[in-house]
Amino acid sequence: MAAANYLTSEDQFLCSICLDVFTDPVSTSCGHNFCKDCITEHWDKSDRCQCPMCKKEFNTRPELQVNTLFSEMVTQFRQSAQQKASSSSSSEQQVFKPGEVPCDVCTETKLKALKSCLVCLTSYCETHLEPHLTMSGLKRHQLIDPVENLEDRMCPKHDKPLELFCKTDQTCVCMLCTVSDHKMHDVVPLKEGYEGEKAELETEIHQMIQKRQLKIEEIKHSVDLSQEEADREIAEGVQVFTALKESVERGQANLINTIKEKQKITENQAEDFIKELEQEISELKKRSSEVEQVTHSEDHLHLLQRFMSLKVAPPTKDWTEVSIHSSHEGTVVRAVVQLEETFSKEMKKQLDAELKRVQRYAVDVTLDPDTGHPDLILSGGGKQVSHGDVKKNLPDNPERFSYYYCVLGKQSFSSGRFYFEVQVKGKTEWNLGVVRESINRKGDITLSPQCGNWTIWLTNGNEYKALDDPPVLLSLKSQPQKVGVFVDYEEGLVSFYDVNAAALIYSFTGCSFTEKLYPYFNPGGNDDGENSSPLIISPVRVN
């Protein structure tokens, strides 16, 4: 019993090759013990036949026999360890549950693993872990929290533990990898690699968090600015509509007063006519009475003389053409016309303000010669384009238009707002707007938003169209000399303005933009010089 206690306290039961408890222990002539399979495999792989412990060489490979006495001692040790594990597991250790890592040594009831050994590639419960905590040979093994699939921690090429980290290739490697595939690479221990990667990842995550926090602040600030702008728009809208409402109410009051005054005049005139007629009736009745009195006399001479005097100065006014006419016709129309003039003035005021607002988003646009049709002439500065009536020999690159006389701007836009102005003075035909990047450049183009273009068109000198779905014939008060183009990508809005008149020409609304947008210019054909004036991209000057 004393010998057993002594042996149990030592690491005499560990094979120096596999560092685990002996299996079929054999002894060499130099007195050292090894697992039979371990020493056999060691000699099979080695060029020399020598003891792994003392390095003693043997001329011929010794015939190995199992050390019976030592084997029995190892068996007793195993049984003692299993009994201790059984008693300990029943009172202290937990039985393995689904989702947990089981002990690989337990043969009957699997207990929950406490640690996994990266050298043995085995997971141990508390009892079976004890040799790794008490025996000097096993103490050198690397223990980690229990994990499954320990074989994944072995190098698939060299069958050695993955205990290094190659920073060059960002992968875990074994010792043999450092002298083969990863030679001259920056290789560090796993712990150092882990700490470095962890620090780098933490820094990267921290930076990502900071960027997102800044983006949150930016969005909140944008919301605040949007709210301020909304408040201003509401205040301005309330002011405008209040003024218009007051104007309508004043117009209504004036209309009612005007009609009432005219009605009063009519009534006064009628009263005067009635008074005059009643006075004449009174006089006529008086004469009628006098005539009646004369007719009772038998003096015919006196009667005739009296009739003559009664005929003198009778009422002579002819009332046939006299009438009362209503003077209200057209009063409402004139009031509405006046109200319309008030609205037009307010609309002009709002359009002036709107144009100034969109002009704040002015961008510098230049023409891209690689997209221009060969018949077009572009200025050196990329600000003017016209039709030249002569086809130039230019490379037919994918970006170039080969069917329509058009050219795109160099600048593209995939978010936000932008605005540019184009002088169209002196032209009888042109087509302006924006198009998506994937527009057909080698054949016929259907000019409509459905096909990726949002443009307006002048043809025949004075016929303006918005090429919407379907096209819209535009009725303009004057011919634009300079056209402003404004795009709000997120809102899906494309608006065209008559810059000089500060008037809105047309707006495409509810557009769905999914690609880059490019400014689009088509000066039309030369038309024997009738349409030779160029389209000119003009610098934006706020009115």
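Residues numbered from 1 in each chain as written. Predicted model: local features only at pLDDT ≥ 70, side-chain atom pairs only at ≥ 80, totals over all residues. Heavy atoms only, no water.

**Examining the side chain of N531**
Argument step 1. Looking at the element boundaries, N531 is found in the loop between β20 (517–522) and β21 (535–538).
Argument step 2. Looking at N531, the relative accessible area reads 1%, which means it is buried.
Argument step 3. In terms of polar contacts, N531 uses its side chain to reach the side chain of K427, at 3.1 Å.
Argument step 4. Looking at N531, its side chain comes within polar contact range of the main-chain oxygen of P523, at 2.8 Å.
Argument step 5. Apart from residues no more than four positions distant in its own chain, N531 is found in contact with K427, T428, E429, P523, G524, G525 and N526. (Helix = DSSP H or I, 4+ residues; strand = E, 2+ residues; numbered from the N terminus. Buried < 20%, exposed > 50% of the residue type's maximum accessible area, 1.4 Å probe, protein only. Polar contact = N/O pair within 3.5 Å; in protein donor to acceptor, adjacent residues only side chain to side chain. Contact = heavy atoms within 4.5 Å.)

**Topic: the confidence of the model for the chain**
For any part of a model where pLDDT is low, the fine detail of the predicted coordinates should not be relied upon.
Argument step 1. Across the chain, the average pLDDT comes to 85, with 91% of residues at 70 or higher.
Argument step 2. Within the chain, the lowest mean pLDDT, 41, falls on helix α1 (residues 2–8), and the highest, 97, falls on β20.
Argument step 3. Low pLDDT (under 50) marks residues 1–10, which in the prediction has six contacts with non-local residues, meaning those over four places away or in another chain. (pLDDT = per-residue confidence, 0-100.)

**Points about the sheet that holds strand β4 (residues 122–124)**
Argument step 1. Strand order across the open sheet formed by three strands is β4-β3-β5, with antiparallel pairing between neighbours. With partners counted over all chains shown, the strands left at the sheet margins are β4 and β5 (143–144), one partner each.
Argument step 2. The sheet contact formed by strand β3 (residues 115–117) and β5 spans two bridges and is antiparallel. Residue pairing for β5: C117 is matched across the bridge by L143.
Argument step 3. Those strands touched by helix α4 (residues 126–134) are β3, β4 and β5, and its axis lies near 110 degrees from that of β4. (Pairing = 2+ DSSP bridges. Axes fitted to C-alpha atoms, helices over the stretch in contact; angles between N-to-C directions.)

**Quick look at the side chain of H373**
Argument step 1. Its location among the elements puts H373 in the loop between α8 (331–359) and β9 (376–378).
Argument step 2. Here H373 falls in the buried class, since its relative accessible area comes to 5%.
Argument step 3. A polar side-chain atom of H373 sits 3.0 Å from the main-chain amide nitrogen of D375.
Argument step 4. Ignoring any residue separated from it by four or fewer positions in sequence, one finds H373 in contact with F401, S402, Y403, Y404, Y405 and C406.

**Quick look at the pattern of salt bridges**
Argument step 1. Overall, the coordinates contain 14 salt bridges when judged by the stated rule.
Argument step 2. Residue E57 is joined to R48 by a salt bridge in which the shortest nitrogen-to-oxygen separation is 3.4 Å.
Argument step 3. Across the pair D364 and K383 runs a salt bridge, and its minimum N-O distance is 2.5 Å. Of this pair, D364 sits in the loop between α8 and β9 while K383 sits in the loop between β9 and β10 (384–387), and the two are 19 residues apart along the sequence. (Salt bridge = Lys/Arg side-chain N within 4 Å of Asp/Glu carboxyl O.)

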